[in-house]
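# Observations on the model geometry
The primary structure of each chain is shown beneath.
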Amino acid sequence: MRRLLPRRGRLALVWSAAVAGSGVVALGCGADDVEVADPDEGEDEPPPPPSLDLPVPELVVSAAQVEDLTLAVSNLRYDTRVEIDGGSWALGGSGPAALEGKETLRLALGGAMVVGRHELSLVHQLGSVELRSEVVEIQVVPSMPGPLTATLQPELLDEGDRLVVHGQGSEAVLGVVDSANARVQVRAGAWSLAGFELELPGLVAGGVVEGRAELDLSVVPGVTVGDAQARWVVAAYLADGGATVYARIVSVTGPGVPLAEPGAPLELWSLDDEQQRAALGPHELAQIQAVTLLDRMVVLGVEARRDAETSSPGDRLLVTRWLASNGEPALPVLLRGPASSDLDLPADARLWTFAGHGSALSVRMALGFPWLLAVGSNGLPSLSSDPGQLASVPVATTWLRSCDGAFGSRHAFALEGGPEAPRVRVLRINRWSEQLEDPSDVTDLVELPAMPSGSPSLALLDGVPTLVIPMGADLDVLALRSTGVDVELEPLTGLRCDDLAVVGPSFDGVGDTLPLACLTDGELRMGVLHVD
């Protein structure tokens, strides 16, 4: 296939803060710059290639930028595609760029980017000839996070022993767990409202920092109840001494008020069930290590040891069950890595995404990252890996969460080391661009003064990935913030929580204030995190 390129060299483009605020930027090369090979003598010259015109020499974007980029384009066809770092997407699809009108290309940003260089161009076919625009070079540079503060309201709202949070933006749900009485107070609307109580018979005590995630909540929109549209609150939990996983479903209104009594507990998986246990393959010891939710899919992290005394490669797998629209669970699906390699779920391995893209779980395959577990269009689990850098997440990891940004950026935060040497491993991955030769360039190990007292929460404030870490009654809450190339650890002076929860990143990353729930000595109070 013949490629027709402009005669002039590559055009590097710069985007300054002043330009970013001015709206549409023009990019382009004229038709007289195009060298066209005429496949047939005597025929008319083919039309010019797609055009990007930019009057400045380089395009520079802060890693925390949340405003979309808009670029002026011309000479497009129905089959014009956008290419970024070798990947190719149709305009107007679910890719990273969309066409507005006929002459504006919009690149969706939502902060949380990793520093690096990227290349963008437009391309389409004319018969057997490929016509290309100039290449736009985009530099993502480190962000400069502003000061972070936290405030709490004095009013006591609830009591419990730990918190569960799930969801992004307005879909975030908060649960206040009372382990002794096997119940959770659910707030599926405004967190400051009372919510409703949901009993979880047989719930085991625990928590992520104890090495086992035994309860998760999610909100599923668009469920039909009678003639009305409602939402589901789904609770999946570990019970019966850790041997059985159940789910309960509650239909609620938009503000989170129950429409009917909760459904009876549904048994999804039991180590006491001979058939289900046999499906794990030959083993001497089996245990359920994590329970989490992905939309209406319940995902279990299971270890089935062939030797009861020693964990060996291939012992870890995932079990999934999809909850149908009538509330009934579909048949279980067991997932192992390629060649029967380990596939495991380090506690709440949530992946937050920007621009409203589908959510997924960040899972490890033979300790490699990133691998993604998503829900396919048929309701079955879909396991995939990404191009770009693969980094190791140690087996000692007890908690993992990650977030995506534009241009293939991904941050992963893993809690590891145990009580003796607690630390957070931060991975910065450019999935679309070339791998770096030195893995240390994408990894930070941050030592903590003590083991966190509860599960960290991942927030996105003004486009900056921010891990908020509860440290108990004796130490201030810590905030670990990424600039896209390194991390900054700072205390939130005066804020002390045994457990906390922050609303997950909104789908566009915009916002300098997020709701905060803080549990201290069993008492729940609400407040906000704010970037000054």
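So, how was this worked out
- Residues numbered from 1 in each chain as written.
- Predicted model: local features only at pLDDT ≥ 70, side-chain atom pairs only at ≥ 80, totals over all residues.
- Heavy atoms only, no water.
- Helix = DSSP H or I, 4+ residues; strand = E, 2+ residues; numbered from the N terminus.
- Buried < 20%, exposed > 50% of the residue type's maximum accessible area, 1.4 Å probe, protein only.
- Contact = heavy atoms within 4.5 Å.
- Core = buried A, V, L, I, M, F, W, Y, C linked by side-chain atoms within 4.5 Å.

### A closer look at unusual backbone geometry
- Phi is positive for alanine 182, which is not a glycine, with a value near 50°.
- Looking at the secondary structure, you find alanine 182 in the loop between strand S16 (173-178) and strand S17 (183-187).
- Here alanine 182 falls in the buried class, since its relative accessible area comes to 17%.
- Of note in the backbone geometry, aspartate 462 takes a positive phi value of approximately 50° without being a glycine.
- One can find aspartate 462 in the loop between strand S37 (457-461) and strand S38 (464-469).

### Concerning the environment of glycine 202
- Position of glycine 202 relative to the elements: it lies in the loop between strand S18 (196-199) and strand S19 (215-225).
- Overall, glycine 202 belongs to the partly exposed group, its relative accessible area being 39%.
- For the pair glycine 202 and alanine 239, spaced 37 residues apart in sequence, the C-alpha separation works out to 4.7 Å.
- Contact partners of glycine 202, with chain neighbours within four places excluded, come to Ala182, Leu238, Ala239 and Asp240.

### Things to note about the nonpolar core
- In this structure, Val245, Leu280, Ile288, Val291, Val298 and Leu300 are the most contacted members of the largest nonpolar core, which totals 26 residues.
- When contributions to this core are tallied by element, the ones reaching two or more residues are strand S20 (228-239), strand S21 (244-252), strand S22 (266-270), strand S23 (285-294), strand S24 (297-305) and strand S25 (316-322).
- Counting residues in each nonpolar core, the second largest holds 22 residues, with Ala63, Leu91, Leu109 and Val136 among its members.

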